[in-house]
Amino acid sequence: MPRRARIDAPGALHHVICRGIERRKIFWGDSDRDDFSERLETILRETQTPCYAWAMLPNHFHLLLRTGDTPSAGVMRQLLSGYAGKFNRVHRRSGHLFQNRYKSILCQEEPYLLELVRYIHLNPLRAKQVASLKQLDRYRYSGHSALMGNRANDWQATDAVLRFFGKSVSRARRQYRHFVEQGIALGRRPELTGGGLIRSLGGWGAVKAMRRVREHVKSDERILGDSDFVQSVLSAQNEYLEARYRLHSQGYDFDYALARVAQLSGLEADQIRKPGKQPARLYARSLLCHWAIRSLGMTAVAVSKLLGISQSAVTRAAYRGEALAAANNLNLVETSNA
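Description of the structure in this document. (Residues numbered from 1 in each chain as written. Predicted model: local features only at pLDDT ≥ 70, side-chain atom pairs only at ≥ 80, totals over all residues. Heavy atoms only, no water.)

### Description of the environment of L288
Convention followed: Secondary structure counts use DSSP, requiring at least four H or I residues in a row for a helix and at least two E residues in a row for a strand, with both numbered from the N terminus.
One can find L288 in helix 13 (residues 279-295). As a C-alpha pair, L288 and A318 span 30 residues in sequence and 7.6 Å in three-dimensional space.

Okay, here's the thing in structure tokens:
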């Protein structure tokens, strides 16, 4: 069965889970964990990606991220490839470090944001990396210690979490810690790892009972939320895919997008293809990358080869292009030709 596309958009909340291949350890010691956390900090700063929770375990890690200026896939690509390369060099190993595909679950913010913060930050305690909540308060490799004020992770969105628990920082920290403590008795919380409403209802038994009384639910393993949220996300995704397929069936391709951008920018196609940082060329490339990826469904890798620039440069350009197209009401296909 082909893999389903990840669902992402600016502002989307994602619970990311990444495991070692064959569930092997991905952190062999504190030096590995320090390297990973430093890379995470650098990449989140560069991409302006808010992080609400994170935790490192011996063979996997959790992140709770909101998509910022760079798609979540781009953030993860930088993080995983950089860390794996360094890890293999240091430990003189070769081959894959991570499972083929990390899990990224699009989450409904209410009521799941705080539940996920608690769930993720309790992972080191459940995995016996620390013996008590008191030790977790100062554990270096989880975002909980920053929320408790014991580590200065200014790249972590601590204020955004603490404001849910009180106006003063001291009171918010007390209330947050009490909230986390209450979560210890809740166990591993499998309902928080995706599947739309299915798992939060208590499993398929509960769903079947609802269906017997004609109360239907919508679910998808890529999404954590109630039935309406899942349906709205899937509907938006389907509309996007249908528009993409329609363009393909009508013969619109990269060459058409290039010609369209040349028309709008006043540049020749060869000028757009050549590297350069002149404003007109940046404008043209931004629109081209946006339409190639978002409208035509091309990958950043494919576009980077056609334009002779890096994959990350294509991703950044596509985001600029999205803003330009929206601000100037520009479409790949002119209205008269649609």
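Having seen it, we continue.
### Some remarks on the packing of helix 14 (residues 300-307) against helix 15 (residues 311-328)
Convention followed: Axis angles are defined between N-to-C directions and span 0 to 180 degrees, where every axis is a line fitted to C-alpha atoms and, for a helix, only to the segment in contact. Put simply, angles under 35 degrees are roughly parallel, angles over 145 are roughly antiparallel, angles from 65 to 115 are roughly perpendicular, and the rest are oblique. It only takes one pair of heavy atoms within 4.5 Å for two residues to be counted as in contact. When residue character is reported, Ala, Val, Leu, Ile, Met, Phe, Trp, Tyr, Cys and Pro are called nonpolar, Asp, Glu, Lys and Arg charged, and the others, Gly included, polar.
At a closest axis distance of 8 Å, the pairing of helix 14 and helix 15 adopts a crossing angle of 105°. Overall, the two elements helix 14 and helix 15 adopt an arrangement that is roughly perpendicular. Residue-level contacts link A300, V301, V303 and S304 of helix 14 to Q311, V314 and T315 of helix 15. Of the residues that constitute the contact of helix 14 with helix 15, the class distribution is four nonpolar, three polar and no charged.

### Overview of the nonpolar core
Applicable threshold: Put simply, a nonpolar core is a bunch of buried Ala, Val, Leu, Ile, Met, Phe, Trp, Tyr and Cys residues held in one set by side-chain atoms that sit within 4.5 Å of each other. Only protein chains enter the accessibility calculation, which uses a 1.4 Å probe. A residue is then buried if its area is under 20% of the maximum for its type, exposed if over 50%, and partly exposed in between.
Counting 59 residues, the largest nonpolar core has F61, L63, F98 and V117 as its most contacted members. L63 has contacts with H14, H15, V16, L40, A53, W54, M76, L79 and I120, leaving out every residue within four places of it along the chain.

### Thoughts on unusual backbone geometry
A positive phi angle, near 60°, is found at R23, a position not held by glycine. Considering the arrangement of structural elements, one finds R23 in the loop between strand 1 (13-19) and helix 1 (30-47). Although it is not a glycine, Q48 sits at a positive phi angle of roughly 55°. Its place among the elements puts Q48 in the loop between helix 1 and strand 2 (51-57). The exposure class of Q48 is exposed, given its relative accessible area of 54%.

### Details of the environment of D137
What counts is decided by this rule: We define a polar contact as two N or O atoms separated by no more than 3.5 Å, with the added condition that, inside protein, one atom must be a possible hydrogen donor and the other a possible acceptor, whereas residues neighbouring each other in sequence contribute only through side-chain atom pairs.
Relative to the helices and strands, D137 is located in the loop between helix 5 (133-136) and helix 6 (144-147). On the basis of relative accessible area, D137 is assigned to the buried category, the value being 9%. For the pair D137 and H121, spaced 16 residues apart in sequence, the C-alpha separation works out to 9.9 Å. If we skip the residues at most four places from it in the chain, D137 touches H144, S145, M148, N150 and R177. Among the polar contacts listed, one links the side chain of D137 to the side chain of H144, at a separation of 2.7 Å.

### Thoughts on the packing of helix 13 against helix 14
The following threshold applies: Crossings are classed by handedness, with left-handed meaning an anticlockwise turn of the near helix from the far one by less than a right angle and right-handed meaning a clockwise turn.
Between helix 13 and helix 14, whose axes approach to 10 Å, the crossing angle comes to 140°. Relative to helix 14, the crossing made by helix 13 is right-handed. Two secondary-structure elements touch here, helix 13 through R285, L288, C289, A292 and I293 and helix 14 through A300, V303 and L307. Looking at the contact of helix 13 with helix 14 residue by residue, the classes come out as seven nonpolar, no polar and one charged.

These figures capture arrangement, not role.
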